[in-house]
Amino acid sequence: MGFSTDAIHSGQPPDPSTGAVITPIFQTTTYCLEELGKDKGFVYSRSGNPTRSAWEKNIAVLEKGKYGLAFASGMSAIHAVSKLLKSGEHAIVSNDVYGGTYRLFNRVMTDYGLEFSYIDMSNLENLKAAIQSNTRLVFIESPTNPLLILTDIAGAVDICRERGILVSVDNTFMSPYFQNPLDLGADIVIHSSTKYLGGHSDVIGGVIVLNSDELHDKLKFIQNSVGAVPSPFDVWLLLRSTKTLAVRMERHNFNASEVANYLSRQKKIKKVIYLGLDSHPQNELAKKQMRGFGGMVTFEVESFEKAKDIMHRLKIFTLAESLGGVESLVCHPSTMTHASIPKEVREKYGLTDRLVRLSVGIEDVEDLINDLDSAIN
Ligand SMILES: *Cc1c(COP(=O)(O)O)cnc(C)c1O
């Protein structure tokens, strides 16, 4: 089936007990047993809930995996993956990783004896050089946020597979509509479903998709043991959201490329980072491993003051964290999403306070460009 047909139907046949076309919100904590040891597949909603199961099946199909596991947030999904490591083991992480991921790894998980190395994953030689005898996981974010740096996912998998190192990819920025890391050989895909999957800035959530039975059993055990599960209503919103994922992503992609082209023509803009621009150094790799370029555009101006001025003048682009919703947002990564990364660390890889990040929404693109034009010029 095509992506949209799967998005609308997978995991959600009409409800067998009532015929309801839309999967109900099973707002229940517990389930009656017919007799001791005999249940209908559900016993307690931390362990499993029918609305959540429908969402887990739906996202598994969209991400080309066998299993989906839903979490209360993207961070709790990432936390679950980090729990695959034992004390004394090591993970290699993309440099420009989401600020919250960096904070979780470096300020929480290191207290449990895990080791992390951060590298520029755009060059796979760096990956080879960073592998240690205790390396167990390579944690890729591609594209990264906000610098939109790619990792050659299939290339990274080649290096890791022979050494028995797991590869996990945070695919939040592309959504399964534009990129499927499992098809490129990755073991685990992660999303913050708060972003494009949810798409309407009204639900926090996370999800993991994977193929391995063994890893699924471990992660499901962690999901149930830790208990960071989403509510039935939240996953129902996500089921509703993925039905329109394809049309939203097409429009995000179109609007973002128009915005990137507009910005590239402005003298006051020093640099525009968008994967669809020929000027992006990894434009070829983008075309190879993705089917679109997404809705995120980052640009750099001459000074922090100028960046602040533009952000304050924008009217349609709302100054806020987060991304991937139908409405356009503007964010200042160094003081907002990435404030938890020390200044010396982020400046080293180019995350300066002169950068502005746009999450281009699906409004009329002329209005977005006019808004930018009056703020910049
Ligand atoms: C937002 C985000 C996360 C964290 O997800 P939450 O749902 O906010 O917990 C992780 N990775 C990326 C790339 C994100 O954008």
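All values derive from a computational prediction rather than experimental measurement.

What counts, and where the lines are drawn
- Residues numbered from 1 in each chain as written.
- Predicted model: local features only at pLDDT ≥ 70, side-chain atom pairs only at ≥ 80, totals over all residues.
- Heavy atoms only, no water.
- Pairing = 2+ DSSP bridges.
- Helix = DSSP H or I, 4+ residues; strand = E, 2+ residues; numbered from the N terminus.
- Contact = heavy atoms within 4.5 Å.
- Axes fitted to C-alpha atoms, helices over the stretch in contact; angles between N-to-C directions.
- Parallel < 35°, antiparallel > 145°, perpendicular 65-115°, else oblique.
- Left-handed = near helix turned anticlockwise from the far one by under 90°.
- Nonpolar A, V, L, I, M, F, W, Y, C, P; charged D, E, K, R; others polar.
- Near = heavy atom within 4 Å.
- Polar contact = N/O pair within 3.5 Å; in protein donor to acceptor, adjacent residues only side chain to side chain.
- Areas by Shrake-Rupley, 256 points an atom, 1.4 Å probe, with all protein chains shown as cover.

S.K.: Please explain the sheet that holds strand β8 (residues 271–273) as it appears in this structure.
M.R.: Backbone-to-backbone hydrogen bonds pair the strands of a sheet. The strands run either parallel or antiparallel. If you trace the five strands from one edge of the open sheet to the other, you get β8-β9-β12-β11-β10, paired in mixed fashion. Two strands bound the open sheet, and with one partner strand each, they are β8 and β10 (318–319). Where strand β11 (residues 329–331) and strand β12 (residues 355–359) come together, three bridges link them in antiparallel fashion. Bridged to Cys331 within β12 is Arg357. Contacting β8, β9 (296–300) and β12, helix α10 (residues 245–264) crosses the sheet at an angle of about 15° to β9.

S.K.: Sorry, what's going on with the packing of helix α3 (residues 74–82) against helix α4 (residues 99–108) here?
M.R.: How two helices pack is summed up by the angle between their axes together with the distance between the axes. Running from amino to carboxyl end, α3 crosses α4 at an angle of 40°, the nearest separation of the two axes being 10 Å. Accordingly, the angle class assigned to the pair α3 and α4 is oblique. The chirality of how α3 crosses α4 is right-handed. Between α3 and α4, the residues in contact are Met75, Ile78, His79 and Ser82 and Gly100, Thr101, Leu104 and Phe105, respectively. A breakdown of the residues in the contact of α3 with α4 according to their chemical character gives four nonpolar, four polar and no charged.

S.K.: So what exactly am I meant to see when it comes to the site of the ligand here?
M.R.: Near the ligand, the surroundings consist of 14 residues, among which Met75, Asp170, Ser192, Thr194 and Lys195 are the closest. Within the contact set of the ligand, an oxygen atom lies 2.9 Å away from a backbone nitrogen or oxygen of Gly74. Within the backbone of Met75, one N or O atom sits 2.9 Å away from an oxygen atom of the ligand. When the ligand sits alone it has 380 Å² of accessible area, and the protein chains cover 93% of it. The dominant element in the shell around the ligand, judged by the number of residues it contributes, is α3, at three residues. Of the residues belonging to the shell around the ligand, the class tally is five nonpolar, six polar and three charged.

S.K.: Would you explain the packing of α10 against helix α14 (residues 365–376) in this entry?
M.R.: As a packed pair, α10 and α14 sit with axes 10 Å apart at the nearest point and diverge in direction by 30°. With respect to their mutual orientation, α10 and α14 come out roughly parallel. When you trace α10 past α14, the crossing you get is right-handed. Between α10 and α14, the residues in contact are Phe254, Asn255, Glu258, Val259, Tyr262 and Leu263 and Val365, Leu368, Ile369, Leu372, Asp373 and Ile376, respectively.

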